[in-house]
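Here is how the chains run, residue by residue.
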Amino acid sequence: QVQLVESGGGLVQAGGSLRLSCAASGRTFSNYVMAWFRQAPGKEREFVGALNWSGGNTKYVDSVKGRFTISRDNAKNTVYLQMNSLRPEDTAIYYCAASPPGFLATQARSYDYWGQGTQVTVSS
């Protein structure tokens, strides 16, 4: 069974930091594009960031550039999202996603596998 499981969410104060993890099982995702999306109440699912198989190419939504960093450890079949300088508007459920090798897509429909999500809440 293919599974992506997020962890590391929680409640933090504005300006704080949090690191999310996404552990994959059931297959090897070392050659896959990995991405993070988020969804706040009443809003559509939003692209946050993505990286290619080697981690050498990354893409971020403008609102998180310079604050968030996506990385991966293929030996552990795990992808991470380091979030610094958090703002209340970052509050959302964060989802890990994976797609076959290709360009770093920003549309949710481009991704084949999804985790269950982890809640991130940033207080003012």
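All of the points below concern the structure found in this document.

What counts as what
- Residues take numbers from 1 onward in each chain, read along the sequence in its written order.
- With the structure being a predicted model, the display of local features is reserved for residues of pLDDT at least 70 and the display and counting of side-chain atom pairs for 80 or more, all residues being used for whole-chain, interface and lining totals.
- Excluding hydrogens and water, the side-chain figures rest on all heavy atoms present in the structure.
- We call a set of buried residues a nonpolar core when its members are Ala, Val, Leu, Ile, Met, Phe, Trp, Tyr or Cys and they connect through side-chain atoms within 4.5 Å of each other.
- Summary of the burial criterion: residues with accessible area below 20% of their type's maximum are buried, those above 50% are exposed, and those between are partly exposed, where the area comes from a 1.4 Å probe applied to protein chains only.
- Secondary structure elements follow DSSP: runs of H or I no shorter than four residues count as helices, runs of E no shorter than two count as strands, and numbering proceeds from the N terminus.
- Contacts were defined at the residue level, with two residues in contact if any of their heavy atoms lie within 4.5 Å.
- The criterion for an aromatic pair is that two Phe, Tyr or Trp rings (for Trp, the six-membered ring) have centres within 6.5 Å, with stacked assigned to planes under 30 degrees apart, edge-to-face to planes over 60 apart and tilted to the rest.
- Cysteine sulfur atoms that pair up within 2.5 Å are treated as a disulfide.

Points about the nonpolar core
If you look at the biggest cluster of nonpolar residues, it comprises 27 residues, and the most contacted ones within it are M34, W36, L81, M83 and Y94. Looking at this core, the elements with two or more residues in it are strand 3 (18-25), strand 4 (33-39), strand 5 (46-51), strand 7 (68-73), strand 8 (78-83), strand 9 (92-99) and strand 11 (118-123). With sequence-adjacent residues up to four places away left out, M34 is seen in contact with L4, F29, G49, A50, L51, I70, R72, V79, C96, A97 and A98. If you look at the next biggest cluster of nonpolar residues, it comprises 9 residues, including V33, A35, A105 and Y111.

Brief notes about the packing of aromatic side chains
On inspection of all chains with the given rule, the structure shows 7 aromatic pairs. Centroid distance F29 to Y32: 5.1 Å. Interplanar angle 75°. Geometry classified as edge-to-face. Overall, the relative accessible area of 2% leaves F29 in the buried class. Classification of Y32 as buried rests on a relative accessible area of 10%. With 6.3 Å between their ring centres and 50° between their planes, Y32 and Y113 make a pair best called tilted. With a gap of 81 residues between them, Y32 in the loop between strand 3 and strand 4 and Y113 in strand 10 (residues 113-114) connect regions that are remote in the sequence.

Regarding the state of the cysteines
With the rule as written, the count across this model stands at 1 disulfide. Two residues, C22 and C96, share a disulfide whose sulfurs are 2.2 Å apart. Between C22 and C96 the disulfide shows an S-S torsion of about -80°. By sign, it is left-handed. Here C22 is found in strand 3, whereas its partner C96 is found in strand 9, with 74 residues between them in sequence. Overall, C22 belongs to the buried group, its relative accessible area being 1%.

Geometry only, nothing functional implied.
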